[in-house]
Amino acid sequence: MIGEEKEMIYKQLNFLGSELIEEVLRSSEIQRFPKGTELLKESQYVQVLPLVLDGLVKVFSRFEERELLLYYIQANQSCIMSFSACLQEHPSRIFALTEEDSTILLIPADKIPSWLKSYPKLNLLFYEQYDLRYSELLDTIHHILLNKMDQRLYDYLLEKARLTGHHEFKLSHVQIANELGTVREVISRVMKKLEQEQKVEQHAGIIKILS
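Rules used throughout
Residues numbered from 1 in each chain as written. Predicted model: local features only at pLDDT ≥ 70, side-chain atom pairs only at ≥ 80, totals over all residues. Heavy atoms only, no water. Buried < 20%, exposed > 50% of the residue type's maximum accessible area, 1.4 Å probe, protein only. Helix = DSSP H or I, 4+ residues; strand = E, 2+ residues; numbered from the N terminus. Pairing = 2+ DSSP bridges. Axes fitted to C-alpha atoms, helices over the stretch in contact; angles between N-to-C directions. Phe/Tyr/Trp six-rings, centres within 6.5 Å; stacked < 30°, edge-to-face > 60°.

## What about the pairing of strand β5 (residues 66-73)?
- For β5, the tally of buried residues reaches six of eight residues, placing the bulk of the element in the interior.
- Relative to β5, strand β4 (residues 57-63) is paired through seven bridges, and the arrangement is antiparallel. Of the residues in β5, the one forming a bridge with Lys58 is Tyr72.
- Between β4 and β5, which pair antiparallel in sequence order, lie two residues; one of them, Glu64, sits at a positive phi of approximately 55°.

## Quick notes on the sheet that holds strand β2 (residues 38-40)
- The four strands are arranged β2-β6-β4-β5 in an open sheet whose pairing can be described as antiparallel. Where the open sheet ends on each side, the last strands, each with one partner, are β2 and β5. If you compare each strand with its neighbour and ignore which way they point, the axes differ by 30° on average.

## Some words on the packing of aromatic side chains
- Here the structure, examined in full by the defined rule, presents three aromatic pairs.
- Each ring, one from Phe83 and one from Phe126, has its centre 3.7 Å from the other, and the planes form 5°; the classification is stacked. On the criterion of sequence distance, the pair formed by Phe83 in helix α3 (residues 80-88) and Phe126 in helix α5 (residues 122-146) is long-range, its members being 43 residues apart. Residues Phe83 and Phe126 agree in their burial class; the two are buried.

## Quick look at unusual backbone geometry
- Despite not being glycine, Ser43 shows a phi value in the positive range, around 75°.
- Mapped onto the elements, Ser43 comes out in the loop between β2 and β3 (48-54).
- One non-glycine residue, Glu89, lies in positive phi territory at about 55°.
- Along the polypeptide, Glu89 turns up in the loop between α3 and β6 (95-98).

This is the structure:
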């Protein structure tokens, strides 16, 4: 682990205290993953708990043949569903992919239970994640129940732009459908409507947000 990475971890986890941070550094490793890497498979037992240092990870759940984007893991965040599976020793109910090239601290899952007892401040990291994901879940339910698909799709594109810093994406309608829990035909129809409203532009698999 190089000095720059160690400094980054100290900065992001300073609320945990130097003793626990040193424990984490001794037991964990940092890996860089290119965009599109599958980090965790559904039904897989969690071996490491990810803490994103840089980049972006997206977490999905699968319902029968449909997929649904649950949340993004940004820098300084971890995966609460993996944390839960780790503590309960249950197989994962989600799968995760890198949305951007990402640098991730991989914390051994078997260390977490003892660290939670020895270092109560570690609970703060996961309480914050629970609160964040619960708020996002309420927002998702609100979108599904109250918003039409054109608003859901446009909000989805705006959120992706905010998280990635890009206003152009190479996205297929199938991929968008998977992330929004619908089918390609619906996305194609709604994208056409957004184009007519001059909110987006499509060309050769590239989607550009115009307004």
